[in-house]
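Listed here are the chains, written in short residue letters.
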Amino acid sequence: MPLQQRQQLDELENQEWLDSLAFVMADAGDTRAAELLENLDHYAYFHGAPIQFKQNTPYINTIDVEHQPVYPGDIALELKIRNAIRWNAVAMVIRANKASDGIGGHLATYASSAELLEVGFNHFFRGHGAGASRDLIFFQGHASPGVYARSFLEGRLDEGKMNRFRRELSRDGEGLSSYPHPWLMPDYWEFPTVSMGLGPIQAIYQARFIKYLENRGLKEKGDSKVWAFLGDGEMDEPQSIGALRFAAYENLDNIVFVLNANLQRLDGPVRANSKVIQEFEALFRGAGWNVLKVVWDGKWDELLSKDYNGTIVKRFELLVDGESQRYAAFGGKELREKFFNTPELQALIEGWSDADLELLNRGGHDVNKIYAAYRSATEHTGSPTVIIARTIKGYGLGESAQARNVAHQVKKLDFGALKDLRDALKLPLSDEQVEHLEYYHPGPETPEVKYALERRAALGGPVPARVVDYVRPTVPGAEFYEEFARGSGERAVSTTMAMVQVISKLLRDKELGRLIVPIVPDEARTFGMDALVPRIGIYSPRGQTYTPVDSGSLMAYKESKDGQMLEEGITEDGAMASFIAAGTAYANHGVPTIPFYVYYSMFGMQRIGDLVWAAGDQRTKGFLVGATAGRTTLAGEGLQHQDGNSMLQAYVVPNLKVYDPAFAYEIAVIVEEGIREMYTEDQDVFYYMTVENENYVQPAMPHPEEPEKRASVVAGIMKGMYRLVHGDASAAPIKGKKVAAPLRAQLLASGPSMVAAQEAVELLKGYGVVADLWSVTSYKALHQDAVLTQRHNMLHPTETPKESFVAHQLSRENAPGVIVSVSDYVKLGADGLNGHIDRKLWTLGTDGYGRSEAREELRDFFEVDARHIVVATLYALLRDGQLGAEVVQKAIGDYGIDPERLAPVFR
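Here is a short report on the structure shown in this document. (Residues numbered from 1 in each chain as written. Predicted model: local features only at pLDDT ≥ 70, side-chain atom pairs only at ≥ 80, totals over all residues. Heavy atoms only, no water.)

1. Describing the overall build of the protein chain
1) Next: Tallying secondary structure elements over the protein chain gives 36 helices and 20 strands in all.
2) Next: With the C-alpha coordinates of the protein chain rotated into their principal frame, the extents come out at 110 × 75 × 55 Å.
3) Next: A distance of 3 Å separates the average location of the 94 positive side-chain charges in the protein chain from that of its 122 negative side-chain charges. (Helix = DSSP H or I, 4+ residues; strand = E, 2+ residues; numbered from the N terminus. Lys, Arg positive; Asp, Glu negative; His and termini not counted. Charge placed at Lys NZ, Arg CZ, Asp CG, Glu CD.)

As structure tokens, this is what we get:
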């Protein structure tokens, strides 16, 4: 058959198939048509037809105009509201920078997202009054000026606060934080989002935790949604996309991502040479998300309706984002010359002026298109939804900002640009008012303000708003933990196992047990937590649809819809996001769940540090437990597994309390007091505790029969240190000693270094040194108290100076002799006490990279074993003038220490 004839037949056949499909759609509906297409696809694939999988749909709106619902609001009033907010957001930032040049702030992000947010504020975002169906909203951090400006219109923020944007330390009163920060504005913001990438992953795990609470009966089932507003540039962060598949696997149909695709990041286009929206569509569709694209506004529908050959759609496919930005920046003339660049396209706009072409806008600025997408997203079931909305960065801000590469950095507009903005927004402001950057508030009794307040009232009240209202749980007293105070007898137990036993006992408590949320990445067996699995189950929204291979055994793997443990797989970020969701449930849902996130300590703090800061910012409660901790306790694992630094990384988070316990009873005390402090007293702190996997006999708590002394031990554990062993001061003197009185030393040990310190106490007796042994549970607690005491004394110079806890404990009267500390962490942690006590503290620690070795060799390598503690103590005595150098030299020889070997930090 001739080629031309073949082509004509193919075209005829194509049209017959299309006509058939059109008939099915008209007669049986879209669902039936989709079913037929899927059957055809399966048939073709089975019979070897080369079906190419496509992750993208055409570069047009997902919801066509025929399926677009009628907009339920007063569009004219909402435009007036939006215009007032736009102006006030701009005025607030520019005023701040005029008052203090360089104070910062952003204009362009909110300018691009105003319609996206306002449709939500007016029709979707449900406040606390909605009860179980209230929404959680992660606002795009750089859009905060617009959120503040709306609160100003609603009467929640006054002009004074608006004037103190980014001036939180003003003497005139409280100001407004730069971005969403619950720590700084605890009654307003709920979620910190401007450390980009953390919002998306946290939003996903918050949505998951809502399902968890509902399936476990801890929260009334509702229809709440988690809304996360994201930037397209932000999606380059690994945390932004790392949990997308997890959200689909968990069927999180209660989350809606709104991706503000203004096509620009901080320095320029996100993907100048392609289309980032299509990239995102492929990414989310591939991960199992429901994708709704809002690309073009309603004006384009006029052209699409008469484009019978698909000419415009084909031209859309040829667009790249760099080209799109030029149209947004240079307007109708550029669009006419460069986009409508063929006779067919020019025919479609015949009779249109450049002003008409200016009205061809992006879908993210059309409230009808946005409403249709939001409504579809909230009605969708079975999978998460992302709305990818095409917007213009700096929309409406004029030639200096709109769609320009510098848009993100623009903080000021000149007088001419401000007048143009006023005119575009149709605001009744005089030139003088514009010049003085006056805010525009139409008045509380005007239709637009009444409308805004009525819409918020109908949706459950103001947003954002952080409301803390929960029933304080009854915390078990000391008797609950008595078994840990008795010690382990002759049985050797690791502190990791002791921690697991504490959690296990808490899970059995009648009141508190249901609130405990154990969280592990993928190490339950490593930490000895596998015994909890058959008892409390691992949470799974599907339950257990299979018979596990260990079915019938005592330790059988168990998943259930009401499972209590969150076993997150190999994702420290995901597990930490779960910890945050559980630790903020007291505020977000009124349910004071108590998370215990147990993880490999080395893969915790250094990998999830940014999320730990986010946890502190949003006043998370709970226990982070760094298991298999310390540089020398994790035999054989080597450099990347051995943790000698998490104490310092944890130290810098202001409201994170940091503990390195050595014994089971210390762990029990810290957990007991921590739960009381966080949940009964409602203190906005959370805890980091390290535990290790080395087995040794757990001693009984000192002074079991003396309540006052026992209380002193408890107080010492929480304040950071207590004396564990009083040395016998009647020890005989030895040759080489320069003074007649007994030699004295104070040994400070924490966590896994305690065993070596206990051995060193005995070895020092051979050198005539009487040593007291102190358990230091928290160098951070000691240092913070010392710093605060120093500050108080400095600011109250005429008063009698106060004495810090550590200065009192280690004073010469209370603790005579030299002071030596040993830790399985870097020296700098203990070194912080130098300058806060009345003499030098000599420190031993594990500076350097880890090694694959056994514990004894590791401790020799890092010079933290009993031998090195003895040598350090003797040297301290030498420097104090109490001992001859020959004694120190003899000890070095006695223990076979090579004084010429490189320090571990260089090896």
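2. Observations concerning a nonpolar patch on the surface
1) Next: A cluster of nonpolar side chains, namely Met1, Leu9 and Leu12, defines an oily patch on the protein surface of about 310 Å² accessible area.
2) Next: Here Met1 shows up in the segment before α1 (3-28). (Patch = residues over 30% accessible without salt bridge, like charges linked within 9 Å, V, L, I, M, F, W, Y side chains within 5 Å. Areas by Shrake-Rupley, 256 points an atom, 1.4 Å probe, with all protein chains shown as cover. Salt bridge = Lys/Arg side-chain N within 4 Å of Asp/Glu carboxyl O.)

3. Examining the packing of helix α4 (residues 108-123) against helix α5 (residues 144-153)
1) Next: Running from amino to carboxyl end, α4 crosses α5 at an angle of 45°, the nearest separation of the two axes being 9 Å. For the element pair α4 / α5, the angle class is oblique. In terms of crossing hand, the pair formed by α4 and α5 is right-handed. Contact residues: Tyr110, Glu118, Phe121 and Asn122 in α4; Gly146, Val147 and Arg150 in α5.
2) Next: Its residues placed into classes, the contact of α4 with α5 shows three nonpolar, two polar and two charged. (Axes fitted to C-alpha atoms, helices over the stretch in contact; angles between N-to-C directions. Parallel < 35°, antiparallel > 145°, perpendicular 65-115°, else oblique. Left-handed = near helix turned anticlockwise from the far one by under 90°. Contact = heavy atoms within 4.5 Å. Nonpolar A, V, L, I, M, F, W, Y, C, P; charged D, E, K, R; others polar.)

4. Focus on the packing of aromatic side chains
1) Next: In this structure the tally under the stated criterion is 44 aromatic pairs.
2) Next: Their ring planes at 35° and their centres at 5.8 Å tell us that Tyr148 and Tyr188 sit as a pair that is tilted. On the criterion of sequence distance, the pair formed by Tyr148 in helix α5 and Tyr188 in the loop between α6 (159-163) and α7 (198-215) is long-range, its members being 40 residues apart.
3) Next: A relative accessible area of 0% means that Tyr148 is categorised as buried.
4) Next: A residue is classified by how much of its surface remains accessible, and Tyr188, at 6% relative accessible area, is buried.
5) Next: Ring geometry for Phe579 against Phe686: centres 6.5 Å apart, planes inclined by 40°, an arrangement best described as tilted. Of this pair, Phe579 sits in helix α24 (residues 572-583) while Phe686 is found in strand β14 (residues 686-690), placing the two residues 107 residues apart along the sequence. Take Phe579 and Phe686: they sit in the same class, and that class is buried.
6) Next: Lys780 extends its terminal NZ or CZ atom over the ring of Tyr651, reaching a point 5.5 Å from the ring centre. (Phe/Tyr/Trp six-rings, centres within 6.5 Å; stacked < 30°, edge-to-face > 60°. Buried < 20%, exposed > 50% of the residue type's maximum accessible area, 1.4 Å probe, protein only. Lys NZ or Arg CZ within 6 Å of the ring centre and 35° of its normal.)

5. Topic: the environment of Ile892
1) Next: Inspection of the secondary structure puts Ile892 in helix α36 (residues 885-894).
2) Next: Expressed as a C-alpha distance, the spacing of Ile892 and His868, which sit 24 residues apart in the sequence, is 8.5 Å.
3) Next: Setting aside anything within four residues of it in sequence, one finds Ile892 in contact with Val871 and Ile897.

6. Some remarks on the packing of α4 against helix α20 (residues 447-458)
1) Next: The contact between α4 and α20 brings their axes to 7 Å, and the two run at 65°. Only Tyr451, Arg455 and Arg456 of α20 make contact with α4, whose side of the interface consists of Gly120, Phe121, Asn122 and His123.
2) Next: Residues belonging to the contact of α4 with α20 are distributed by class as follows: two nonpolar, three polar and two charged.

7. Focus on the nonpolar core
1) Next: In terms of nonpolar packing, the biggest core is built from 127 residues, with Val671 and Leu874 touching the most fellow members.
2) Next: Looking at which element gives the most residues to this core, the answer is helix α28 (residues 664-680), with ten residues.
3) Next: Core analysis: the second largest hydrophobic core is formed by 68 residues, Met162, Leu292, Leu413 and Ala417 among them. (Core = buried A, V, L, I, M, F, W, Y, C linked by side-chain atoms within 4.5 Å.)

8. A closer look at helix α17 (residues 367-379)
1) Next: Over its 13 residues, α17 extends 18 Å from the first C-alpha to the last, a length consistent with the 18 Å expected when each residue adds 1.5 Å.
2) Next: Those residues of α17 lying buried are Val367, Lys369, Ile370, Tyr371, Ala372, Ala373, Tyr374 and Ala377.
3) Next: N-capping of α17 is provided by Asp366, with a side-chain oxygen placed 2.9 Å from the backbone N of Asn368. (Expected span 1.5 Å × (residues − 1). Polar contact = N/O pair within 3.5 Å; in protein donor to acceptor, adjacent residues only side chain to side chain.)

9. Quick notes on the pattern of salt bridges
1) Next: In this structure the tally under the stated criterion is 52 salt bridges.
2) Next: Of the charged contacts in the structure, one is a salt bridge between Glu115 and Arg86, with a shortest N-O distance of 2.8 Å. Separated by 29 residues along the polypeptide, Glu115 in helix α4 and Arg86 in helix α3 (residues 75-99) bring together distant segments of the chain. When sorted by exposure, Glu115 lands in the same class as Arg86, which is buried.
3) Next: When the shortest N-O distance is used, the salt bridge between Lys369 and Asp301 registers 2.7 Å. You can see Lys369 sitting in helix α17 and its partner Asp301 sitting in helix α11 (residues 298-305), a full 68 residues away along the chain. For the pair formed by Lys369 and Asp301, the shared burial category is buried.

10. Overview of the side chain of Asn61
1) Next: In this structure, Asn61 sits in the loop between α2 (30-46) and α3.
2) Next: Asn61 gets classed as buried once you look at its relative accessible area, which sits at 14%.
3) Next: Polar side-chain contacts of Asn61 include one of 2.5 Å to the backbone nitrogen of Val295.
4) Next: Side-chain polar atoms of Asn61 contact the backbone oxygen of Trp296, separated by 2.8 Å.

11. Let's talk about unusual backbone geometry
1) Next: In this structure, the amide linkage connecting Val463 to the following residue, Pro464, adopts the cis form with an omega of 0°.
2) Next: Examined against the element boundaries, Pro464 turns out to sit in the loop between α20 and α21 (482-485).
3) Next: Look at Leu437: it is not a glycine, yet its phi comes out positive at around 55°.
4) Next: Structurally, the position occupied by Leu437 is in the loop between α19 (431-435) and α20.
5) Next: The exposure class assigned to Leu437 is buried, which follows from its relative accessible area of 2%.
6) Next: One non-glycine residue with positive phi stands out, namely Asp682, at about 55°.

12. Observations concerning the pairing of strand β7 (residues 516-520)
As a general feature of sheets, a regular strand has side chains that alternate between the two faces.
1) Next: Of all the five residues making up β7, five are buried; the element is thus mostly covered by neighbouring parts of the structure.
2) Next: Both faces of β7 are covered, namely the face carrying Ile516, Pro518 and Val520 and the face carrying Val517 and Ile519.
3) Next: Two strands pair when backbone bridges link them, and β7 and strand β11 (residues 594-600) are joined in this way by four bridges, in the parallel orientation. Each residue of the ladder has a partner; that of Ile516, found in β11, is Ile594.
4) Next: For β7 and strand β10 (residues 566-567), the ladder comprises two bridges, and the chain directions are parallel. Directly across from Ile519, in β10, lies its bridge partner Leu566. (Pairing = 2+ DSSP bridges.)

13. Remarks on helix α30 (residues 754-765)
Three or four residues apart is the spacing at which side chains of an α-helix point the same way, because the helix has 3.6 residues per turn.
1) Next: Spanning twelve residues, α30 covers 17 Å between terminal C-alpha atoms, matching the ideal 16 Å at 1.5 Å per step.
2) Next: Among all positions in α30, only Met754, Ala756, Ala757, Ala760, Val761 and Leu764 are buried. For α30, the buried positions fall inside an angular range of 150° around the axis, keeping them on one side.
3) Next: Buried residues belonging to α30 abut β16 (721-725), β17 (743-749), β18 (769-776), β19 (818-822) and α35 (866-879). (Arc of directions from axis to C-beta.)

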